[in-house]
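Listed below, chain by chain, are the residues.
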Amino acid sequence: MPDVVIPLYEGFTALDVVGPYQMLALTPGVRVTLAAERAGAVTDDVGSLALVATAALEDIAQTDVVVTPGGPGTEQALRGPIPLWLKQIHARTTWTTSVCSGSLILGAAGLLDGLEATTHYRVADLLPMFGATYVPERVVEHPEARVITSAGVSSGIDMGLRLVELLADRLTAEAVQLWTEYAPQPPFDSGSPARARAEVRQRADEYEAAARRTGG
């Protein structure tokens, strides 16, 4: 039974966790554990949703897959226990992965040095600080390094399905995709900075600035 651990920290973005969690937890034979510095409730970046970590990071010495979420709390998480934990546990993982700005946490653990990686577009300029080169792809795989990074928030669903294929097979992944009816048909074509109009990008910047001021 493959084990997947998703490390939580205060200020994570909910879909970064729940997106890949849903894909992986629905896969027969896969066991997903939410972990944190201490077991218990951990609050998301909005402040109105808490997920319960059923394990403490220090109690997990081995897992097959790690999915590291991003969110406004990433900056604080970089100074917490997760980077060191990732560095230690990566030696035994099959895949160590990230969603959104969670790639910066992988970078802080020394796992992206010399690699191309993706992340949320708002923090793409920070990847070189960790020896990585940003590429504007939705999912970036490095089988030789056993590392996968995915872009902003919703891309974690795509990466989750890819992990299902890697852990099981394509048929299983496609069945999970069907089971969840994941067939994106967004009403707008503004899901990336390359396609969004200037005024849309400006409004998104304003929303993020306001969220940071309020701690969300």
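Treat the numbers as computed from the prediction; the structure is a model and nothing was measured. (Residues numbered from 1 in each chain as written. Predicted model: local features only at pLDDT ≥ 70, side-chain atom pairs only at ≥ 80, totals over all residues. Heavy atoms only, no water.)

Q: Just give me the short version of the overall build of the protein chain, but keep the residues and values in it.
A: A tally of regular secondary structure across the protein chain gives seven helices and eleven strands. Its C-alpha atoms give the protein chain a radius of gyration of 16 Å, near enough to 17 Å, the size a compact globule of 216 residues would have. Along the first, second and third principal axes, the C-alpha atoms of the protein chain reach 50 × 40 × 35 Å. In the protein chain, which comprises 216 residues, the proportion classed as buried is 45%. Considering only contacts within the protein chain whose residues lie at least 6 apart along the sequence, 63% involve residues at least 24 apart. Charge-centre separation for the protein chain: the mean point of 16 positive side chains lies 3 Å from the mean point of 26 negative side chains. (Helix = DSSP H or I, 4+ residues; strand = E, 2+ residues; numbered from the N terminus. Rg over C-alpha atoms; globule rule 2.2 N^0.38 Å. Buried < 20%, exposed > 50% of the residue type's maximum accessible area, 1.4 Å probe, protein only. Contact = heavy atoms within 4.5 Å. Lys, Arg positive; Asp, Glu negative; His and termini not counted. Charge placed at Lys NZ, Arg CZ, Asp CG, Glu CD.)

Q: Pulling in residues and values, what's your account of the pairing of strand S11 (residues 147-150)?
A: Burial along S11 is two-sided: Val147 and Thr149 facing one way and Ile148 and Ser150 facing the other are all buried. The pairing of strand S7 (residues 95-99) with S11 spans four bridges and is classified as parallel. The residue of S11 that forms the bridge with threonine 96 is valine 147. Here strand S10 (residues 139-142) runs beside S11; their pairing, made up of four bridges, is antiparallel. Looking at the pairing, histidine 142 lines up with valine 147 of S11. (Pairing = 2+ DSSP bridges.)

Q: Let's hear about the pattern of salt bridges: which residues, and what values?
A: A complete count under the given rule lists ten salt bridges for this structure. In this structure, glutamate 206 and arginine 203 form a salt bridge, with 3.8 Å as the shortest nitrogen-oxygen distance. Remark: arginine 203 and glutamate 206 occur in helix H7 (residues 198-214); sequence separation between them is three residues, near one turn of the helix. Each of the salt bridges in this network shares a partner with another, and the network as a whole consists of Glu141, Arg162 and Glu165. (Salt bridge = Lys/Arg side-chain N within 4 Å of Asp/Glu carboxyl O.)

Q: Could you give an account of the environment of threonine 94, naming the residues involved and the relevant values?
A: Structurally, the position occupied by threonine 94 is in the loop between helix H3 (82-89) and S7. The class of threonine 94 is partly exposed, set by a relative accessible area of 36%. Ignoring any residue separated from it by four or fewer positions in sequence, one finds threonine 94 in contact with Thr63, Asp64 and Arg146.

Q: Please set out the side chain of threonine 68 residue by residue, giving values where relevant.
A: Mapped onto the elements of the fold, threonine 68 is located in strand S6 (residues 65-68). With residues near it in sequence (within four places) discarded, threonine 68 still touches Pro7, Leu86, Thr97, Ser98, Val99, Gly102, Ile105 and Leu106.

Q: Break down the layout of surface pockets for me, with residues and values.
A: When its volume is computed, the largest pocket comes out at roughly 1,000 Å³. Every residue lining the largest pocket is counted, 35 residues in all, and those nearest its centre are Arg138, Ser154, Ser190, Gly191 and Ser192. Considering every element that reaches the lining of the largest pocket, the biggest residue donor is H7, with seven residues. Residues belonging to the lining of the largest pocket are distributed by class as follows: 17 nonpolar, eight polar and ten charged. (1 Å grid on protein atoms, 1.4 Å probe; cavity = no way out; pocket = protein on both sides within 12 Å on 5 of 7 lines; lining within 4 Å. Points joined across faces, edges and corners; volume = space filled by probe spheres on them. Nonpolar A, V, L, I, M, F, W, Y, C, P; charged D, E, K, R; others polar.)

Q: Outline H3, supporting the account with residue identities and numerical values.
A: Turning to H3, its buried residues are Ile82, Pro83, Trp85, Leu86 and Ile89. An end-on view of H3 places all buried positions within 160 degrees of arc, on one side of the element. Turned more than 90 degrees from where H3 packs its buried face, Leu84, Lys87 and Gln88 sit exposed. Contacts from the buried residues of H3 go to strand S1 (3-7), S6, helix H2 (74-77), S7 and helix H4 (102-108). (Arc of directions from axis to C-beta.)

Q: For the nonpolar core, give the residues involved together with the corresponding values.
A: Within the largest apolar cluster, 52 residues are counted, with the highest numbers of intra-cluster contacts made by Leu8 and Val67. Among the elements that line this core, the one with the most residues is helix H5 (residues 155-167), at five residues. Ignoring sequence-local partners within four residues, the contact set of valine 67 consists of Val4, Val5, Ile6, Pro7, Pro20, Leu24, Thr97, Val99, Met159 and Leu163. (Core = buried A, V, L, I, M, F, W, Y, C linked by side-chain atoms within 4.5 Å.)

Q: Tell me about the sheet that holds S6, and name the residues and values.
A: Backbone hydrogen bonds hold the strands of a sheet together, and the pairing may be parallel or antiparallel. Ordered in space as S5-S2-S1-S6-S7-S11-S10, the seven strands form an open sheet in which the pairing is mixed. For this open sheet the edge positions go to strand S5 (55-56) and S10, each flanked by a neighbour on one side alone. Contacts from H3 reach S1, S6 and S7 within the one sheet, and its direction differs from that of S6 by about 155 degrees. (Axes fitted to C-alpha atoms, helices over the stretch in contact; angles between N-to-C directions.)

Q: Can you lay out the packing of helix H1 (residues 14-25) against H5 for me, pointing to particular residues and giving the numbers?
A: Closest axis-to-axis distance for the H1/H5 pair is 7 Å, and the angle between their directions is 25 degrees. The angle between H1 and H5 places the two elements in the roughly parallel class. Once H1 is placed against H5, the crossing between them reads as right-handed. The segment H1 lies against H5, with Gly19, Pro20, Met23 and Leu24 engaging Gly156, Ile157, Gly160, Leu161, Leu163, Val164 and Leu167. Broken down by class, the residue content of the contact of H1 with H5 amounts to eight nonpolar, three polar and no charged. (Parallel < 35°, antiparallel > 145°, perpendicular 65-115°, else oblique. Left-handed = near helix turned anticlockwise from the far one by under 90°.)

On their own, these measurements won't tell you what the molecule is for.
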